[in-house]
Every structure is written in C-alpha cells, then in structure tokens.
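Remarks on the overall topology
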Amino acid sequence: MILGTRAVRSPLEPITTGVGCLTDLTIVLLIIGVLARPQPAPGGGPVCTTVPVDSGPADPVSHQWVRMLGVAPGSHAISASTLSVCATHPDAFLRTTGMLMSLPLLVLFLSSLWLLRRFLKAAGRPGRLYSLDSARRLRFLGWYLAGGAVLAGIIESVASGVVLAQQTSGVAWGPTELRFPWFAFLVGLGVITCARVMRIGVTMREDLDGTV
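Quick caveat: nothing in here was measured; it's all calculated off a predicted structure.

If you tally the helices and strands in the protein, you get five helices and four strands. Reading the protein from its N end, one meets helices and strands in the order α-β-β-β-β-α-α-α-α. Taken over 212 residues, the protein has a buried fraction of 29%. Partitioning the intrachain contacts of the protein with sequence separation of at least 6 by distance along the chain shows that 79% fall at a separation of at least 24. Here the protein displays about 14700 Å² of accessible surface, and carbon together with sulfur accounts for 68% of that area.

Spelled out as structure tokens, the structure:
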C-alpha cells in the first residue's frame, strides 16, 4: 500500500500568514480611513487632551452620580475622574502637537510590522532560519520595539503636556500622566531574549558541526 506524502509545513507558520494578513488588513483600513475622512484635511477637528479633575481648578465631580442611558435598575453611573480639554479652532502648532499625542505609537506599530514581515521573509528561505543573520535581524527588531516604545511614550507624554499647558492655566502636569506602551516594551524585551537564545543555539550547532 502506498502512503500519501504530506507536505512539510514551514516552521514559521502560522505567524507568517498571520503577519501577512494583518499587514494587508492594516493597509486596507488605512485606505478606507483616508477615503472616509469627514474633514477635508488630515488632522482636522478639535485637539483634545485629558486632565485629572482633582489636579485643576475645577470642582471635583468624581463622586457625583450622573444619568446614563442603559443603566440597570439598582445601579448608578459615576462621572469620570478625568476631563477632556479641547481646542475648537487650534493653530498650526497646537494641531501638530496634538498629532504627536498618538502618531508615534502608530508609526512604531506600522514600522515594527514591516520589520517583522521582512524578518519572516528572510528567515523563510532555505537554511536561513537557524542562522546568525536571522538572530541579528530578530535582535534588531527587539531593540527597535523596546527603544521605540520608550521614545514614543516620551514624545506622546510631552506632547500631551504641551497641549494641556497651551489650553489651561494653573494645571500641573506630572509623571502620573505619563503615557508609556508597556506591552510593546515587554514584547521587545521578549524578542531580544529569543534572539539571544537563537544566537547561542546557532553558535553551538556550528561548533558541533566543526567538531564532527
């Protein structure tokens, strides 16, 4: 009896297919977002930031009950502990600073996705997965994620503080408002660790091959 042969599946699956689909979906969503944008120019609309209620001159309302549709009988809603401060007609400086409150993290996500796809494409070639080149590419991706998360957090936090300072007086901005993408930072550290393990494994295999 002849047994059917089964194709050898790539060891990089299913992440290769997942990253490819995620990249294509992101591009499609960006195109739809640009085409469906209601305002004529990018960055249009008000520029907003948030501030804790108890850090400014406003009366604290964090313990006041508010009316909200859909709350079940016997339950109540409490007003949020932060307020949104918006500039209805921001100037060019305020609008640019407002874009920096969210743009760095988006750039980090898109560029990291592109680097990951490049790594998977290079590592998927015959004999390239377990190599020092793949370990170097993976280590670069990890440092890029970890360092980019720190840089994006600093830029977005400073931009938020500048927008708040431009629209208020007597409101202190402190470390409690620091925006830091901990998830991206921890993922970057994890990728660096995987790259080091891969490099050690490749080196040991090369030493073993040389000994044999």
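Resuming the write-up.
Within helix α2 (residues 92-99), burial applies to Leu94, Thr97 and Gly98. Down the axis of α2, the buried set is contained in an arc of 100 degrees. They therefore lie on one face.

It is worth spelling out the packing of α2 against helix α4 (residues 132-167) at this point. As a packed pair, α2 and α4 sit with axes 8 Å apart at the nearest point and diverge in direction by 145 degrees. Like other packed secondary-structure pairs, α2 and α4 cross with a definite hand, here left-handed. Touching Phe93, Leu94, Thr97 and Gly98 of α2 are Ala159, Val162, Val163, Gln166 and Gln167, all from α4. When the residues that make up the contact of α2 with α4 are grouped by side-chain class, the tally is five nonpolar, four polar and no charged.

Let us now look at the nonpolar core. Soluble globular proteins tend to bury their nonpolar side chains together. One finds Leu116, Phe119, Leu120 and Leu138 to be the most contacted residues of the largest nonpolar core, which totals 16 residues. Put simply, the parts of the chain that give this core at least two residues each are α3 (103-123), α4 and α5 (182-211). Here the element with the most residues in this core is α3; it accounts for six residues. Non-local contacts of Leu138, meaning those with residues more than four positions away in its chain, are made with Phe119, Val191, Cys194, Ala195 and Met198. Counting residues in hydrophobic clusters, the runner-up holds six residues, among them Val47, Ala87, Leu94 and Met101.

Attention now moves to the pattern of salt bridges. Taken as a whole, this structure holds three salt bridges when the rule is applied. A salt bridge links Asp24 to Arg117; its shortest N-O distance comes to 3.7 Å. Highlighted residues: Asp24 in helix α1 (residues 15-35) and Arg117 in helix α3, separated in sequence by 93 residues. What makes Asp24 partly exposed here is its relative accessible area of 41%.

Our focus in this paragraph is the environment of Ala146. Note that Ala146 resides in helix α4. As a C-alpha pair, Ala146 and Leu189 span 43 residues in sequence and 6.3 Å in three-dimensional space.

With that settled, consider the packing of α3 against α4. Between α3 and α4, the least distance of the axes is 9 Å, while the angle of their chain directions is 175 degrees. With respect to α4, the element α3 is oriented roughly antiparallel. Here Leu103, Pro104, Leu105, Leu108, Ser111, Ser112, Leu115, Leu116, Arg118, Phe119, Ala122 and Ala123 of α3 come into contact with α4, specifically with Ser134, Arg137, Leu138, Phe140, Leu141, Tyr144, Leu145, Gly148, Ala149, Ala152, Ile155 and Glu156. Among the residues making up the contact of α3 with α4, the classes are represented as 17 nonpolar, four polar and three charged.

What follows covers the packing of aromatic side chains. Considering all chains together, one arrives at four aromatic pairs under this definition. Ring pairs connect the aromatic residues Phe180, Trp182 and Phe185, which therefore count as one cluster.

As a further point, take α3. If you check α3, its first and last C-alpha atoms are 30 Å apart, about what 21 residues at 1.5 Å a residue would give, namely 30 Å. Among all positions in α3, only Pro104, Leu108, Ser111, Ser112, Leu113, Leu115, Leu116, Phe119, Leu120, Ala122 and Ala123 are buried.

Rules and cut-offs
- Note that residues are indexed from 1 along each chain, following the sequence as it is written.
- Local features are withheld for residues below a pLDDT of 70 in this predicted model, meaning they are given only at 70 or higher, and side-chain atom pairs are given and counted only at 80 or more; totals for whole chains, interfaces and linings count all residues.
- The side-chain figures draw on all heavy atoms in the structure; neither hydrogens nor water molecules are used.
- Each helix corresponds to a stretch of at least 4 residues labelled H or I by DSSP, and each strand to a stretch of at least 2 residues labelled E; elements are numbered beginning at the N terminus.
- Think of it in three bands: residues with accessible area under 20% of the maximum for their type are buried, residues over 50% are exposed, and the middle band is partly exposed, with areas taken using a 1.4 Å probe on protein chains only.
- Note on contacts: a residue pair is in contact if any heavy atoms of the two residues lie within 4.5 Å.
- Note that accessible areas follow from Shrake-Rupley with a 1.4 Å probe, and for residues the cover is restricted to the protein chains shown.
- Here the arc refers to the directions that run from the helix axis out to each C-beta atom.
- What counts as an axis is a line fitted to C-alpha atoms, over the stretch in contact for a helix, and the angles between N-to-C directions run from 0 to 180 degrees.
- Each crossing is labelled by how the near helix is turned from the far one, with a counterclockwise turn of less than a right angle marking it left-handed and a clockwise turn marking it right-handed.
- Classification used: nonpolar for Ala, Val, Leu, Ile, Met, Phe, Trp, Tyr, Cys and Pro, charged for Asp, Glu, Lys and Arg, polar for all others including Gly.
- Take the buried Ala, Val, Leu, Ile, Met, Phe, Trp, Tyr and Cys residues and link them wherever side-chain atoms come within 4.5 Å; each set so joined is a nonpolar core.
- When a carboxyl oxygen of Asp or Glu lies within 4 Å of a side-chain nitrogen of Lys or Arg, that pair is called a salt bridge.
- Here roughly perpendicular refers to angles of 65 to 115 degrees, roughly parallel to angles under 35, roughly antiparallel to angles over 145, and oblique to all remaining angles.
- Stacked, tilted and edge-to-face are the three classes assigned to paired rings of Phe, Tyr and Trp, where Trp is represented by its six-membered ring and a pair needs centres within 6.5 Å; plane angles under 30 degrees give stacked, over 60 edge-to-face, the rest tilted.
- Given a helix with a known number of residues, its expected span is that number minus one, times 1.5 Å.

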